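One letter stands for each residue in the lines below.
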Amino acid sequence: GKPTVYGSLTRRGLSTEGVPDIAASEGFVVGEVTKKSILISCPHENVSTKFLAPYTTFSRIHQKSITCLDISSGGGLGVSTSTDGTMKIWQAANGEIRRLLEGHVYDVNCCRFFPSGLVVLSGGMDAQLKIWSAEDASCVVTFKGHKGGILDTAVVDRGRNVLSSSRDGTARLWDCGKSACLGVVADCGSPVNGIAVGSADNSVNLGTPEKTPSEREIGTEGKILLLAREDKKLQGVGLQSRQPVFLFVGSDAFNCCTFLSSTYFLAGTQDGNIYQLDVRNTNAPIQIIHRSGAPVLSLLPYRDGFIASQGN
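Counting from 1, residues in each chain are numbered in the order their sequence is written. Local features are withheld for residues below a pLDDT of 70 in this predicted model, meaning they are given only at 70 or higher, and side-chain atom pairs are given and counted only at 80 or more; totals for whole chains, interfaces and linings count all residues. The basis for the side-chain values is all heavy atoms of the structure; hydrogens and waters are excluded.

Labelled according to an unreviewed UniProt entry, the protein appears under the name PAAF1 factor, originating from Chauna torquata. According to the UniProt record, the Sequence similarities (unreviewed entry) comment for the protein reads "Belongs to the WD repeat PAAF1/RPN14 family." UniProt positions are given in the numbering used here, feature names are shortened, and annotations may be inferred rather than shown by experiment.

Set out below in structure tokens:
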């Protein structure tokens, strides 16, 4: 909530070990400097930031901004989409392009690997959800049913079923084997920017389905679906029951969400807040993290914490 503090860094030279000698402008202090990182603090504001050098840079995969990416479970392959209109599969070790996935009309918004690492799920502005073979780049399934661009996807368990969310305000459950829609899990009346599926804590009441679930639904029992909505709401829905579990109102449009465990989850907003909530009691957040006013664009659990990306 305070004005941003600006400063500059100047490199004065290199030590014999190859570590840069760095000076900071007034109000900033240079801490530890290595070949890979620089620690900067601003004692007056009691804040510090560590800047890390990239481990590797792949600059030849796309020509424009990268909008989404994922790495296969084995770590061997990457898939990414870009505002250059392409979706590509590449080797994670060296960035060598292996496959070009062509078939969406207009921009592709999201891409992810199935747990097997051999198949890719993607969603585009053309309202189509597609499944691709990572081995030969063929499109094996196309799901149609959304009335607006697809903004996010999720895979249930090993991937017999998948989920998508759209600008049309709905989240849908799909059967990959029969390439059919198993149902609308939620209809929000507002674009659903991000979704996440997780196993719910046993104490959470997920509701009861109004009619017997299809035998084509695999792995939906005991799962909760999070919906990050454009209308400043974060919603939880029982995946099998399609019943609302909670509705939390935030400070701005929600862009993304992720589970940390069966009880804790995170959601990020357009005005830079990261909310940590407990699925058993969503009345008040456990904490609200605010580093800057830049939009929180994606969240990912990592070790005992998480990684967040922001629009700055």
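Having seen the structure, we can now continue with the description.
Visitor: How should I be thinking about the overall build of the protein in this particular structure?
Guide: Numbered from the N terminus, helices here are DSSP runs of H or I no shorter than four residues, and strands are runs of E no shorter than two. Counting secondary structure elements, the protein contains 0 helices and 27 strands. Here the C-alpha radius of gyration of the protein, 22 Å, is about what a compact globule of 312 residues would show, namely 20 Å. Projected onto its principal axes, the C-alpha positions of the protein cover 70 × 50 × 30 Å. Across the 312 residues of the protein, 42% fall into the buried class. Counting contacts in the protein only where the partners sit at least 6 residues apart, residues at least 24 apart contribute 38% of the total. We compute the radius of gyration over the C-alpha atoms and compare it with the globule rule, which gives 2.2 Å times the number of residues raised to the power 0.38. Three exposure classes are used, based on accessible area relative to the maximum for each residue type with a 1.4 Å probe and protein chains only: buried under 20%, partly exposed in between, and exposed over 50%. Contacts between residues were defined by any pair of non-hydrogen atoms, one from each residue, lying within 4.5 Å.

Visitor: Explanation requested: the sheet that holds strand E21 (residues 244-249) in the structure shown.
Guide: One key point about sheets: their strands pair by backbone hydrogen bonds, in either a parallel or an antiparallel sense. Read across the open sheet, the 4 strands follow the order E18-E19-E20-E21; overall the sheet is antiparallel. In the strand order of this sheet, the two ends are held by strand E18 (192-199) and E21, each with one partner. Between one strand axis and the next, the sheet turns through 15° on average, direction left out of account. Two strands are said to pair when DSSP picks up at least two bridges between them. To get an axis, a line is fitted to the C-alpha atoms, and for a helix only the part in contact is used. The angle between two axes follows their N-to-C directions and goes from 0 to 180 degrees.

Visitor: Looking at this structure, I do not really get the pairing of E18. What am I missing?
Guide: Regular strands place side chains that alternate from one sheet face to the opposite one. Within E18, 6 of the 8 residues are buried, leaving the element largely enclosed by the surrounding structure. Looking at chain direction, E18 and strand E19 (residues 223-229) are connected through 7 bridges and run antiparallel. Residue pairing for E19: Val197 is matched across the bridge by Leu225.

Visitor: How should I be thinking about the packing of aromatic side chains in this particular structure?
Guide: Describing an aromatic ring pair means giving the distance of the ring centres and the angle of the ring planes. Paired rings are identified among Phe, Tyr and Trp, the last through its six-membered ring, by centres lying within 6.5 Å, and are further divided according to the angle between planes into stacked (under 30 degrees), edge-to-face (over 60) and tilted (the rest). Within the structure shown, the criterion is met by 7 aromatic pairs. Ring geometry for Phe248 and Tyr275: centres 5.3 Å apart, planes at 70°, overall edge-to-face. Of the two residues, Phe248 is situated in strand E21 and Tyr275 in strand E24 (residues 273-278); the sequence distance between them amounts to 27 residues. Both residues of the pair, Phe248 and Tyr275, belong to the buried class. Taking 5.7 Å as the distance between ring centres and 55° as the angle between the ring planes, the aromatic pair formed by Phe254 and Tyr275 counts as tilted. One end of the pair, Phe254, is in strand E22 (residues 254-259); the other, Tyr275, is in strand E24, and 21 residues separate them in sequence. Tyr275 carries the same exposure label as Phe254, and that label is buried. Each residue in the set Phe246, Phe259 and Phe265 is aromatic and connected to the rest through ring pairs, giving one cluster.

Visitor: Can you walk me through the UniProt feature "repeat: WD" (unreviewed entry) in the protein in this structure?
Guide: Within this numbering scheme, the UniProt entry marks residues 59-100, 101-142 and 143-175 as carrying the feature "repeat: WD" (unreviewed entry). Summarising residues 59-100: 0% helix, 50% strand, and an end-to-end C-alpha distance of 16 Å. In the segment residues 143-175, helix accounts for 0% and strand for 61%; the C-alpha atoms at its two ends are 9 Å apart.

Visitor: Whenever I open this one, the pattern of salt bridges confuses me. Can you help?
Guide: Once their charged atoms are close, side chains differing in charge can pair, the charge on each being opposite to the other. Any Lys or Arg side-chain nitrogen found within 4 Å of a carboxyl oxygen on Asp or Glu counts as a salt bridge. Per the counting criterion, the structure on display carries 7 salt bridges. Linking Arg242 and Glu217 is a salt bridge whose minimum nitrogen-to-oxygen distance equals 2.7 Å. Of this pair, Arg242 sits in the loop between strand E20 (233-238) and E21 while Glu217 sits in the loop between E18 and E19, and the two are 25 residues apart along the sequence.

Visitor: Help me understand the side chain of Ser37 in this model?
Guide: Within the secondary structure, Ser37 is located in strand E4 (residues 37-42). Look at Ser37 and you get buried, because its relative accessible area is 8%. Those residues in contact with Ser37, other than ones at most four positions away along the chain, are Glu32, Lys50, Phe51 and Leu52.

Visitor: Just to check I follow, could you spell out the domain arrangement of the protein for this structure?
Guide: Interfaces are frequently sized by the accessible area removed from exposure as the parts join. The split of the chain into domains comes from an automatic or database domain assignment. By domain assignment, the protein separates into domain 1 (9-50) and domain 2 (67-310). If you average the C-alpha positions of domain 1 and of domain 2, the two centres end up 39 Å apart.

Visitor: Teacher, can you tell me more about the sheet that holds strand E13 (residues 139-143) here?
Guide: Spatial ordering of the open sheet is given by E10-E11-E12-E13, a layout of 4 strands whose pairing is antiparallel. For this open sheet the edge positions go to strand E10 (108-113) and E13, each flanked by a neighbour on one side alone. For this sheet, the mean angle separating the axes of adjacent strands, direction not counted, is 20°. In terms of strand pairing, strand E12 (residues 129-133) meets E13 through 4 bridges, oriented antiparallel. Bridging across to E13, Lys130 finds its partner in Thr142.

Visitor: Looking at this structure, how should I read unusual backbone geometry?
Guide: Leave glycine aside and you will find that most residues have negative phi; peptide bonds, for their part, are mostly trans. In this structure, Tyr106 is a non-glycine residue whose phi angle is positive, near 70°. Along the polypeptide, Tyr106 turns up in the loop between strand E9 (97-100) and E10. Residue Tyr106 is classed as exposed on the basis of its relative accessible area, which comes to 64%. With a phi close to 45°, Ser179 is a non-glycine residue in the positive phi region. With respect to the helices and strands, Ser179 occurs in the loop between strand E16 (170-175) and strand E17 (180-187). A residue is classified by how much of its surface remains accessible, and Ser179, at 38% relative accessible area, is partly exposed.

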